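Here's the letter readout for the chains.
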Amino acid sequence: MRAAANRSAARALARLRSPWQRPARRPDRPNCLLGRRVVMAELGLNEHHQNEAINYMRFARFKRGLCLKTVDSCFQDLKDSRLVEETFTVDEVADMLDGLQTIVHSEVESELINTTYTNVLLLRQLFSQAEKWYLKLQTDISELENRELLEQVAEFEKSEFTSSNKKPSADLIKPKLAPINEGGSELLNKTVACLQEENEKLKTRLKTIETQATAALDEKSRLEKSLKDLQMIQGDQKTGVNKDIGELENEVAALKCQFEKTLNDSTANQKFLEENLVTTKHDLLKVQDQLSTAEKELEKKFQQTAAYRNLKEILTKKNEQIKDLRRRLSKYEPED
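A short note on the overall build of the protein
Within the protein, the regular secondary structure consists of eight helices and zero strands. Listing each helix as α and each strand as β along the protein from the N terminus yields α-α-α-α-α-α-α-α. By sequence separation, contacts in the protein at least 24 residues apart represent 79% of the contacts at least 6 residues apart. A total of about 25,800 Å² of accessible surface is found on the protein, and carbon and sulfur atoms cover 54% of it.

Now the structure itself:
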């Protein structure tokens with residue numbers, strides 16, 4: 001009856017074993033037992049990351065050994081405390097197995113929960129290092145059940161911890177993951193430095209363009225002021241001509257008054273005064289025509305002067321430069 005109880009307990013333990021406690025199935029490939037270098041190439045890891053994987057597997061083996069020892073102690077306690085008689089009834093055997101199942105279930109569940117939390121902390125370390133370099137890591141949960149990869153990991157563990165029987169070196173045991181100092185970080189640093197250099201060049205170019213635009217605006221203001229001065233001079237000249245015309249008109253009015261007065265005083269001189277009046281009118285028209293002609297010639301001569309043409313050409317060129325600078329500035333200004 002004792003042997004039957006032991007066999008029942010062994011079968012219960014076998015059912016309670018988790019998949020990670022069961023031995024991995026040997027692959028059918030004849031070259032699966034390869035050296036450390038080949039396994040590293042199959043896993044796709046460099047030497048530093050392989051050492052980190054070995055450290056974690058060593059930690060997992062230690063925790064797994066503790067769990068198995070705990071399960072073994074549960075069975076040993078059952079043997080020492082309950083298997084003291086020669087024969088047992090079916091109810092007694094069922095009661096012992098139920099109690100053993102409860103204890104083993106509690107131990108295995110606790111270990112599985114702890115393993116899950118441990119894996120989450122490990123992922124947290126990796127993700128924290130990635131976030132320092134503004135990287136976003138992705139995981140493929142389906143690959144965790146890839147049988148071929150699991151067999152490769154089993155062979156890797158066997159070659160590292162079973163066949164070679166090597167003791168861990170100081171390089172393999174580290175209290176925490178080292179920061180990323182090569183690979184993607186180097187490329188990221190180069191990219192950031194290149195972007196910063198390009199940004200500085202753009203800033204310098206923008207300052208140069210702003211300086212040129214400011215100088216062009218100042219030149220435009222100066223030319224506009226010069227043009228206004230010329231217009232004021234031309235306006236003063238027109239005012240002088242208008243003044244002369246006004247004086248002539250006043251003189252004509254005075255002559256007319258004098259003529260009327262003379263006509264009232266003496267009718268004898270009427271014909272003479274009429275002729276004088278006609279002559280004066282003709283003279284007035286002639287003078288007005290001369291003044292108009294002189295004004296047009298003055299304006300024409302002013303427009304033909306080299307200073308006027310130069311100012312007009314300079315103003316036209318500056319306006320074109322300002323338009324070109326505004327188009328160039330619009331390319332570097334952010335759109336609203």
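A closer look at the pattern of salt bridges
For the structure on display, the rule yields seven salt bridges. Taking the shortest distance from any N to any O, the salt bridge between R64 and E157 comes out at 2.8 Å. Taken as a pair, R64 in helix α3 (residues 47–82) and E157 in helix α5 (residues 147–163) lie far apart in primary sequence, 93 residues in all. K220 is paired through a salt bridge with E224; the nearest N and O atoms lie 4.0 Å apart. With K220 and E224 both in helix α6 (residues 184–265) and four residues apart, the pair spans about one turn of that helix. Judged by its relative accessible area of 36%, E224 is partly exposed.

Observations regarding helix α4 (residues 90–132)
Taking 1.5 Å as the rise per residue, α4 with 43 residues should run 63 Å; its terminal C-alpha atoms sit 63 Å apart, in good agreement. Along α4, the residues that are buried comprise V93, M96, L100, V104, V108, E111, T118, Q129 and A130. Y134 sits one or two residues past α4 and shows a positive phi near 60 degrees.

Considerations on the packing of aromatic side chains
Throughout the structure, instances matching the rule amount to one aromatic pair. Taking 6.4 Å as the distance between ring centres and 40 degrees as the angle between the ring planes, the aromatic pair formed by Y56 and F59 counts as tilted. Here F59 and Y56 lie together in helix α3, a separation of three residues that amounts to about one turn. Relative accessible area serves as the criterion here: at 27%, Y56 is assigned to the partly exposed category. Judged by its relative accessible area of 37%, F59 falls in the partly exposed class.

A few points about the packing of α3 against α4
Packed helix pairs are characterised by how far apart their axes lie and by the angle those axes make with each other. As a packed pair, α3 and α4 sit with axes 11 Å apart at the nearest point and diverge in direction by 165 degrees. The angle between α3 and α4 falls in the class roughly antiparallel. In this structure, α3 crosses over α4, and the sense of that crossing is right-handed. Considered class by class, the residues forming the contact of α3 with α4 number 13 nonpolar, four polar and six charged.

Concerning the nonpolar core
In this structure, V71, C74, F75, L78, L83, F88, V93, M96, L100, V104 and V108 together form the largest nonpolar core, which totals 11 residues. Elements that contribute at least two residues to this core include exactly α3 and α4. The greatest single-element share of this core, amounting to five residues, is contributed by α4.

Concerning α3
Its 36 residues place the ends of α3 52 Å apart at the C-alpha level, agreeing with the 52 Å of an ideal helix rising 1.5 Å per residue. Taken residue by residue, α3 has Q50, N51, E52, I54, N55, M57, C67, V71, C74, F75 and L78 as its buried positions.

Comments concerning the confidence of the model for the protein
Here the protein shows a mean pLDDT of 77. Residues at 70 or above account for 78%. The weakest mean pLDDT in the protein belongs to helix α2 (residues 36–43) at 44; the strongest belongs to α4 at 90. Taken together, the stretch residues 1–6 has pLDDT below 50 and engages in 12 contacts with residues farther than four places along the chain or on a different chain. Of the regions scoring below 50 in pLDDT, residues 12–41 engages in 40 contacts with residues more than four places distant in sequence or in other chains.

Each value, and the rule that gives it
- Residues numbered from 1 in each chain as written.
- Predicted model: local features only at pLDDT ≥ 70, side-chain atom pairs only at ≥ 80, totals over all residues.
- Heavy atoms only, no water.
- Helix = DSSP H or I, 4+ residues; strand = E, 2+ residues; numbered from the N terminus.
- Contact = heavy atoms within 4.5 Å.
- Areas by Shrake-Rupley, 256 points an atom, 1.4 Å probe, with all protein chains shown as cover.
- Salt bridge = Lys/Arg side-chain N within 4 Å of Asp/Glu carboxyl O.
- Buried < 20%, exposed > 50% of the residue type's maximum accessible area, 1.4 Å probe, protein only.
- Expected span 1.5 Å × (residues − 1).
- Phe/Tyr/Trp six-rings, centres within 6.5 Å; stacked < 30°, edge-to-face > 60°.
- Axes fitted to C-alpha atoms, helices over the stretch in contact; angles between N-to-C directions.
- Parallel < 35°, antiparallel > 145°, perpendicular 65-115°, else oblique.
- Left-handed = near helix turned anticlockwise from the far one by under 90°.
- Nonpolar A, V, L, I, M, F, W, Y, C, P; charged D, E, K, R; others polar.
- Core = buried A, V, L, I, M, F, W, Y, C linked by side-chain atoms within 4.5 Å.
- pLDDT = per-residue confidence, 0-100.

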